[in-house]
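Single-letter residue listing:
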Amino acid sequence: MATYTTRTVTSTRWEWIVPAAEPWGAAAAEVGKAWAAADLAYREQRGIAEGEPLSDDALRFTVADDAIVIGFTVEEADA
């Protein structure tokens, strides 16, 4: 007889979307604002104090059709 356990994990994806339509792309100031907001939200979700370093892969930057998306995922095991 097999012995095993199961669990359910709920994922929440947080994203900040900066318009970056061609041919001009995204303004650096707008990327900076979104990055700062994402950084703050990540710290709040993970309980990381301001000034403490984040891991290199904390935030992910991806390119969509006409936007730059900054995001992270929080996973929680259901009780």
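Since we're looking at a predicted model, the values are computed, not measured.

Digging into the nonpolar core
Grouped burial of nonpolar side chains is what soluble globular proteins tend to show. Core analysis: the largest hydrophobic core is formed by twelve residues, namely Trp16, Val18, Val31, Ala34, Ala38, Ala41, Tyr42, Ala58, Leu59, Ile70, Phe72 and Val74. Of all the secondary-structure elements, those providing two or more residues to this core are β1 (9-19), α1 (28-46) and β3 (67-77). The leading source of residues in this core is α1, at five residues. When sequence neighbours within four positions are dropped, the list of residues in contact with Ala41 reads Trp14, Trp16 and Phe72.

Overview of the sheet that holds β1
If you trace the three strands from one edge of the open sheet to the other, you get β1-β3-β2, paired in antiparallel fashion. The open sheet terminates on both sides in strands that have one partner only, identified here as β1 and β2 (60-63). The average undirected angle you get between the axes of adjacent strands in this sheet is 30°. Across four bridges, β2 lies against β3 in antiparallel orientation. Bridge pairing in β3 places Arg60 opposite Gly71. Along the sheet face, α1 touches β1, β2 and β3 and points at about 5° away from the line of β3.

Basis of the calculations
- Residues numbered from 1 in each chain as written.
- Predicted model: local features only at pLDDT ≥ 70, side-chain atom pairs only at ≥ 80, totals over all residues.
- Heavy atoms only, no water.
- Core = buried A, V, L, I, M, F, W, Y, C linked by side-chain atoms within 4.5 Å.
- Buried < 20%, exposed > 50% of the residue type's maximum accessible area, 1.4 Å probe, protein only.
- Helix = DSSP H or I, 4+ residues; strand = E, 2+ residues; numbered from the N terminus.
- Contact = heavy atoms within 4.5 Å.
- Pairing = 2+ DSSP bridges.
- Axes fitted to C-alpha atoms, helices over the stretch in contact; angles between N-to-C directions.

That's the geometry; what it means functionally is another story.
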